[in-house]
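Residue-level listing of the chains:
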Amino acid sequence: MLEFGAVSLEWGTLLIQLFVFLMPLALFIACCIFIVKRTGTKQKAFDELEKRVAALEQERKRPKS
């Protein structure tokens, strides 16, 4: 138990308050990390697609012999 003059907090209450306070913060950070990783994955796929399109365009422009 923590004593603050006339106010005292029990450990269970303190831990629950800390948990409730930190959960939204952790959820926000997890969402940010998820969005950043997902954006990176999409960008990588887009870059690979651009490379394939460039290769196909080069193949089409090449004279057939």
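Throughout what follows, the structure given in this document is the object of discussion. Per chain, residues are indexed from 1 in the order of the written sequence. Two thresholds apply to this predicted model, a pLDDT of at least 70 for residue-level local features and 80 or more for giving and counting side-chain atom pairs, whereas whole-chain, interface and lining totals are computed over all residues. The side-chain quantities take in all heavy atoms of the structure and omit both hydrogens and water.

Before going further, it helps to examine the overall build of the protein. To qualify as a helix, a DSSP run of H or I must reach at least 4 residues; to qualify as a strand, a run of E must reach at least 2; elements of each kind are numbered from the N terminus. Of regular secondary structure, the protein possesses one helix and two strands. Counting helices and strands in the order they occur from the N terminus, the protein gives β-β-α. Relative to the compact-globule value of 11 Å for 65 residues, the protein shows a C-alpha radius of gyration of 28 Å, a clear excess of over 25%. We get accessible surface area from the Shrake-Rupley algorithm with a probe of 1.4 Å; when it comes to residues, only the shown protein chains can shield them. Counting only carbon and sulfur atoms, one obtains 69% of the accessible surface of the protein, whose full area is about 6,500 Å². Both charge centroids of the protein, one from 10 positive and one from 7 negative side chains, sit 17 Å from each other. Only C-alpha atoms enter the radius of gyration, while the globule expectation follows 2.2 Å times N to the 0.38, with N the number of residues. His is not counted, nor are the chain ends; Lys and Arg add positive charge and Asp and Glu add negative charge. Where a charge sits is defined by one atom per residue type, namely NZ (Lys), CZ (Arg), CG (Asp) or CD (Glu).

Looking now at the state of the cysteines. What counts as a disulfide here is a pair of cysteine sulfur atoms lying within 2.5 Å. Here the structure, examined in full by the defined rule, presents zero disulfides. Distance from the sulfur of cysteine 31, which forms no disulfide, to the nearest cysteine sulfur (cysteine 32) is 7.0 Å. Judged by its relative accessible area of 40%, cysteine 31 falls in the partly exposed class. Only protein chains enter the area calculation, which uses a 1.4 Å probe; residues under 20% of their type maximum are buried, those over 50% are exposed, and those in between are partly exposed.

Along the polypeptide, alanine 26 turns up in helix 1 (residues 11-61). Note on alanine 26: relative accessible area 40%, which makes it partly exposed. Sequence separation of alanine 26 and glutamate 10 is 16 residues, and the distance between their C-alpha atoms is 24 Å.

With that settled, the discussion passes to helix 1. An α-helical turn contains 3.6 residues, so a residue and the one three or four places further along point in the same direction. An ideal rise of 1.5 Å per residue puts 75 Å on 51 residues; helix 1 measures up with 74 Å between its terminal C-alpha atoms. Where helix 1 bends most, the angle comes to about 25°, and this point is leucine 22, followed within four residues by the proline proline 24. Any helix carries an expected span of 1.5 Å times its number of residues minus one. In this scheme, the bend at a residue equals the angle between the axes fitted to the seven residues that finish there and the seven that begin there.

By themselves these figures say nothing about function.
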